[in-house]
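Spelled out from the first residue to the last, the chains are:
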Amino acid sequence: MKQTVVSLLIVVLILAGCAPNFEGEQEETVVDDSKDESTEESAIIPKHNLSDETYRVLIDSNLSKARGVITNQISNRLDIDELEEGLRRHSKEVYDPETYYFQEGQYLTDDILYNWLTRYDENDQPNGLNPELTQEEDQSAEEAEKDSPKYLSHILEQNYMKKSEDDVVELAGISIGIAMKSVYRFRIQQDDGTYSPYYEKEISETEMMKEAKSIAGEVVQRLRQMEGLGNVPIRLAVYREADQNSLVPGNFVATANVAGDSSSVGDWEDVQEEHVLFPSNYGENTYPDVSATLVDFEADVANYFPNYVSVIGKGFFQNGELRKLTVEIPVSFYGKAELIGFTQYVYGLVLNGFPDDYNVEINITSGDNQEALIVRDAGEEEGFVHIYD
């Protein structure tokens with residue numbers, strides 16, 4: 001019996017010595033939120049970053065104070081993703097990922113946002129940032145809605161933190177994304193309590209930006225009144241949503257900065273970027289070279305696999321230059337070898353047929369399943385290929 005106990009102890013020690021050591025892979029730090037000096041919270045800073053262009057995200061218990069609001073306010077999932085990712089992208093111009101950490105918004109709570117996103121009403125909703133709805137005697141309810149559309153969909157807050165000399169992570173900057181509608185979609189409640197079919201009012205970019213600048217100025221004034229935000233730099237970015245049925249997201253149209261010692265918005269800078277669907281008349285007419293590349297690619301795919309559905313491309317352009325091309329190839333496969341052979345063939349097409357001055361991502365799908373992924377970063381000769389089990 002004694003020998004058995006000793007043997008078990010030796011096995012435990014050996015296993016303990018062989019166990020992986022995860023120490024040193026992350027760093028624990030104190031977070032000062034500048035709102036309650038009596039409370040100190042700790043967070044984990046990941047030691048490793050996914051790339052030099054991404055922020056290290058603080059791992060703590062402070063999730064966004066407005067979780068879920070964005071999904072209730074913006075109907076197109078593509079817009080939700082682009083608003084969040086795009087705001088981080090534009091924040092890099094003022095908050096360097098090498099020295100700043102990312103934290104989800106901690107100041108604009110769901111209650112605050114729902115209060116701000118409603119229509120203005122002097123008595124019931126004095127904090128509403130959307131226009132007050134007034135109806136003249138000779139106006140229908142539909143005409144009144146179209147004359148005063150709800151321009152503002154959502155306000156997204158992101159916090160950017162920096163480590164002080166005392167090794168305490170403090171708020172060093174805040175970014176605010178202002179999501180504006182390109183199409184106002186609404187229904188009218190009728191006398192019997194039912195609702196009419198949906199009506200739509202298209203909103204021009206000029207009209208939208210006029211409202212967005214006014215809203216941004218008011219938001220800055222309100223942020224400055226919040227504890228902890230009195231002297232924090234603010235990055236503003238206006239996002240124009242796509243139609244809710246669009247296959248590509250909308251885009252950011254303007255940015256501005258507010259210095260830490262200021263409550264007024266500086267000069268606005270136009271942002272030239274867009275997401276374009278291929279094939280489409282707009283894509284073919286505006287970016288004929290990219291369109292032609294995809295047409296040739298589709299022809300080569302058809303030579304190998306004539307019963308595929310189609311090639312769908314989505315391009316992200318900045319200042320007229322293609323930065324990323326995402327392509328989906330939906331195909332039905334009848335075996336793993338068929339999938340592997342097709343993926344190898346497509347990988348060769350990517351290396352030989354696509355210029356290397358932009359990122360390329362190819363998603364090979366079958367039904368609702370992702371079968372294979374091909375990625376090649378700009379400037380790289382080779383790419384990455386993964387076939388899913």
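Up top is the structure.
Each value, and the rule that gives it
Residues numbered from 1 in each chain as written. Predicted model: local features only at pLDDT ≥ 70, side-chain atom pairs only at ≥ 80, totals over all residues. Heavy atoms only, no water. Helix = DSSP H or I, 4+ residues; strand = E, 2+ residues; numbered from the N terminus. Buried < 20%, exposed > 50% of the residue type's maximum accessible area, 1.4 Å probe, protein only. Contact = heavy atoms within 4.5 Å. Areas by Shrake-Rupley, 256 points an atom, 1.4 Å probe, with all protein chains shown as cover. Pairing = 2+ DSSP bridges. Axes fitted to C-alpha atoms, helices over the stretch in contact; angles between N-to-C directions. Phe/Tyr/Trp six-rings, centres within 6.5 Å; stacked < 30°, edge-to-face > 60°. Lys NZ or Arg CZ within 6 Å of the ring centre and 35° of its normal. Polar contact = N/O pair within 3.5 Å; in protein donor to acceptor, adjacent residues only side chain to side chain. Salt bridge = Lys/Arg side-chain N within 4 Å of Asp/Glu carboxyl O. Patch = residues over 30% accessible without salt bridge, like charges linked within 9 Å, V, L, I, M, F, W, Y side chains within 5 Å. Lys, Arg positive; Asp, Glu negative; His and termini not counted. Charge placed at Lys NZ, Arg CZ, Asp CG, Glu CD. Core = buried A, V, L, I, M, F, W, Y, C linked by side-chain atoms within 4.5 Å. Expected span 1.5 Å × (residues − 1).

Brief notes about the overall build of the protein
Then comes step 1: The helix and strand inventory of the protein stands at nine helices and 17 strands.
Then comes step 2: Scored against the burial criterion, the 389 residues of the protein give a buried share of 40%.
Then comes step 3: Taking as baseline every contact in the protein between residues at least 6 positions apart, the subset at least 24 positions apart corresponds to 58%.
Then comes step 4: Put simply, the protein shows about 21800 Å² of open surface, and 46% of that area lies on carbon and sulfur atoms.

As for the sheet that holds strand 13 (residues 312-318)
Then comes step 1: Spatial strand order, 12-13-14-15-16-17: six strands in an open sheet with mixed pairing. Edge positions in the open sheet fall to strand 12 (273-278) and strand 17 (384-387), since each of these has one partner strand only. Strand-to-strand, the axes of this sheet are offset by a mean angle of 15°, without reference to chain direction.
Then comes step 2: Bridge count between strand 13 and strand 14 (residues 321-330): seven bridges; the pairing is antiparallel. For F316, the partnering residue across the bridge sits in strand 14 and is K324.
Then comes step 3: Helix-sheet contacts for helix 3 (residues 77-91) involve strand 12 and strand 13, and the interaxial angle to strand 12 is about 140°.
Then comes step 4: Contacts from helix 8 (residues 288-304) reach strand 12, strand 13, strand 14 and strand 15 (359-366), with the element oriented near 25° to strand 14.

Topic: the packing of aromatic side chains
Then comes step 1: Going through the model one piece at a time under the given rule, you end up with 16 aromatic pairs.
Then comes step 2: Taking the centre distance of 5.0 Å and the plane angle of 20° together, the rings of Y184 and F186 count as stacked. Comparing Y184 with F186, the two get one shared label, buried.
Then comes step 3: Clustering of aromatic rings is evident, with ring pairs tying together Y55, Y95, Y100, F102 and Y160.
Then comes step 4: The positively charged end of R185 is found above the aromatic ring belonging to Y198, 3.7 Å away from the centroid.

As for the side chain of N363
Then comes step 1: The topology assignment puts N363 in strand 15.
Then comes step 2: A distance of 3.0 Å separates the side chain of N363 from the side chain of E361, its partner in a polar contact.
Then comes step 3: Looking at N363, its side chain comes within polar contact range of the side chain of Q370, at 2.8 Å.
Then comes step 4: Aside from chain neighbours lying at most four places away, what touches N363 is T326, V327, E328, I329, Q370, A372 and L373.

Side note on the pattern of salt bridges
Then comes step 1: Overall, the coordinates contain ten salt bridges when judged by the stated rule.
Then comes step 2: A salt bridge links E273 to R89; the shortest N-O distance between them is 2.8 Å. Separated by 184 residues along the polypeptide, E273 in strand 12 and R89 in helix 3 bring together distant segments of the chain.
Then comes step 3: Between E200 and R185 there is a salt bridge; the shortest N-O distance is 3.7 Å. Taken together, the positions of E200 in strand 8 (residues 199-202) and R185 in strand 7 (residues 183-186) put the pair 15 residues apart, joining distant regions of the chain.
Then comes step 4: Overall, the relative accessible area of 33% leaves R185 in the partly exposed class.
Then comes step 5: Connected via shared salt-bridge partners are E82, R89 and E273.

Digging into the side chain of T365
Then comes step 1: Structurally, T365 is set in strand 15.
Then comes step 2: A polar atom in the side chain of T365 sits 3.4 Å from the side chain of E328.

A look at a negative patch on the surface
Then comes step 1: A surface patch of like charges, here negative, comprises E321, D356, D357, D377, E380, E381 and E382.
Then comes step 2: One can find D356 in the loop between helix 9 (336-353) and strand 15.
Then comes step 3: Since its relative accessible area comes to 41%, D356 is described here as partly exposed.

Quick notes on the nonpolar core
Then comes step 1: I155, I176 and M180 are the most contacted members of the largest nonpolar core, which has 41 residues in total.
Then comes step 2: Top element by residues in this core is helix 6 (residues 205-224). It accounts for eight residues.
Then comes step 3: Filtering out sequence-adjacent residues up to four positions away, I176 remains in contact with L87, L108, I155, L156, E157, V219, L223, I234, R235, L236 and A237.

Let's talk about helix 9
Then comes step 1: Between its first and last C-alpha, helix 9 extends 25 Å over 18 residues, near the 26 Å set by a 1.5 Å rise per residue.
Then comes step 2: Turning to helix 9, its buried residues are L339, G341, F342, T343, V346, Y347, L349 and V350.
Then comes step 3: Where helix 9 is buried, its residues touch helix 8, strand 14, strand 15, strand 16 (369-376) and strand 17.

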